[in-house]
Amino acid sequence: MSYRLLRPLLFALDAERAHHLSIAALRLLPTRAALPQDPMLESSVAGIRFPNPVGLAAGYDKDGRIAHKMHGLGFGFAELGTLTPLAQPGNPQPRLFRLVADRAVINRFGFNNGGQGAAADRIARYRRPKGDGPIIGVNIGANKDATAAGRGIADYVTGVRVMTPLADYLTVNISSPNTPGLRALQGRAALDDLLGAVMAARGGDTTPVFLKVAPDLEPVDVQDIAAACLDHRVDALIVSNTTITRPALRSPHAGEAGGLSGAPLTDLSHQRLTDFRRLLGTQLPLIGVGGIATAEQAYARIRAGASLVQLYSAMVYEGPYLAKRINAGLKRLLQRDGIANVAQAVGIDA
Ligand SMILES: Cc1cc2nc3c(=O)[nH]c(=O)nc-3n(C[C@H](O)[C@H](O)[C@H](O)COP(=O)(O)O)c2cc1C
């Protein structure tokens, strides 16, 4: 059945139920589907060879149930999580809202997940050794209680230790708006402590560590984060998570608390990526995420400096094969501009 026909049925359901249903459906995808391959779209970032630049953003597959199958839908990589050391229920429902007229989503899940131990057992069943098969990133966070008690950094250290053996890359997520106090880790002193502890926790391991930041940053925050990433040799920066700002919205759920994603985030995320590129040049790879729904938007983000892109919300509106369509469109845009490989387009507008 085409997604156009399916969508009204899914949209008739509560958003969180529809989400669980989509995960259940994707579990039926074959694990051994061929990896997407196209020399024009392949590139290396942080020492990892990505078959194409379009990834699944964190939050869709928090517990790592289907991340290893997303290449079957055309994704070049998938990021599971956010996973915290201990399982936690997250905020009370309802906590996920579709803003249909705005092509947007608001969520205030608050890191609901089954914990890193359970996820590690699950992931180990489908990938050993890592590096063999689809590229999977693991996004780690801190439990709500640990964050409230000022012990958030210890949770990231635990996450590095538990998930490093299973992840092609790790993402340190300090940008969810739904765990009180978490975004405070974006401040310079806290970020130095956090990144120092995280990089040391890797020991001799060289699994790349990415940092994921919010779009809601002042110029001084952007400077501090860029400097800290260079000082601590972070491998890539993911820009951005959801926004707590509310641009003009039309939907009835516009007033819900939480992080806003999808179309209203496109310009803000693009702007923040541009800010980081201006400061960092080619010293640090950037990953662009936020309101990407078309090949043109993905291409614009790449030309602004993103080595890779990720998406989530647009899939709610455009269906599961969006990544495949964006890749096909990207290829056409590269051919139109006489660019032989996507890596050559990174930052050409910067
Ligand atoms: C329902 C939902 C849950 C999310 N959960 C997480 C999460 O657990 N960790 C995280 O780093 N980002 C999470 N995100 C943020 C996305 O990864 C992404 O950064 C953001 O939604 C912007 O991209 P988009 O506009 O393509 O959705 C979540 C987003 C949504 C919509």
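For the structure itself, look to the data block above.
Residues numbered from 1 in each chain as written. Predicted model: local features only at pLDDT ≥ 70, side-chain atom pairs only at ≥ 80, totals over all residues. Heavy atoms only, no water.

Within the closed barrel, the eight strands sit side by side as β3-β4-β7-β8-β9-β10-β12-β13. Their pairing is parallel. Strand-to-strand twist in this sheet, taken as the mean axis angle between neighbours without regard to direction, amounts to 25 degrees. Strand direction decides the pairing type here: strand β7 (residues 135-140) and strand β8 (residues 169-173), joined by four bridges, are parallel. Bridging across to β8, Gly137 finds its partner in Tyr169. In this fold helix α3 (residues 116-126) packs onto β4 (77-83) and β7, with an angle of close to 155 degrees to the strand it touches most, β4. Sitting on the sheet, helix α11 (residues 322-336) is in contact with β3 (54-56) and β13 (306-311), with an inclination near 165 degrees to β3. (Pairing = 2+ DSSP bridges. Helix = DSSP H or I, 4+ residues; strand = E, 2+ residues; numbered from the N terminus. Axes fitted to C-alpha atoms, helices over the stretch in contact; angles between N-to-C directions. Contact = heavy atoms within 4.5 Å.)

The next subject is the pattern of salt bridges. This structure, assessed with the given rule, holds 15 salt bridges. A salt bridge links Arg303 to Asp337; the nearest nitrogen and oxygen atoms lie 3.3 Å apart. Note that Arg303 is positioned in helix α9 (residues 295-303) and Asp337 in the segment after α11, a separation of 34 residues in sequence. Since its relative accessible area comes to 31%, Asp337 is described here as partly exposed. Because the salt bridges share partners, they merge into one network encompassing Arg303, Arg336, Asp337 and Asp349. (Salt bridge = Lys/Arg side-chain N within 4 Å of Asp/Glu carboxyl O. Buried < 20%, exposed > 50% of the residue type's maximum accessible area, 1.4 Å probe, protein only.)

Turning our eyes to something else, we now look at the side chain of Arg108. With respect to the element layout, Arg108 can be found in the loop between β6 (104-107) and α3. Engagement of the side chain of Arg108 in a polar contact is seen with the backbone oxygen of Pro94, the distance being 3.4 Å. Ignoring any residue separated from it by four or fewer positions in sequence, one finds Arg108 in contact with Asn91, Pro94, Arg95, Phe97, Asn178, Glu256, Ala257 and Gly258. (Polar contact = N/O pair within 3.5 Å; in protein donor to acceptor, adjacent residues only side chain to side chain.)

In this section: the pairing of strand β9 (residues 209-213). A large share of β9 lies buried, amounting to five of its five residues. Here β9 shows a buried face lined by Val209, Leu211 and Val213 and a second buried face lined by Phe210 and Lys212. The sheet contact formed by β8 and β9 spans four bridges and is parallel. Within the sheet, the bridge partner assigned to Asn173 lies in β9 and is Lys212. Traced from β8 through helix α6 (residues 188-201) to β9, the parallel crossover comes out right-handed. Relative to strand β10 (residues 236-239), β9 runs parallel, the two sharing four bridges. (Right-handed = clockwise from strand over helix to strand, strands pointing away.)

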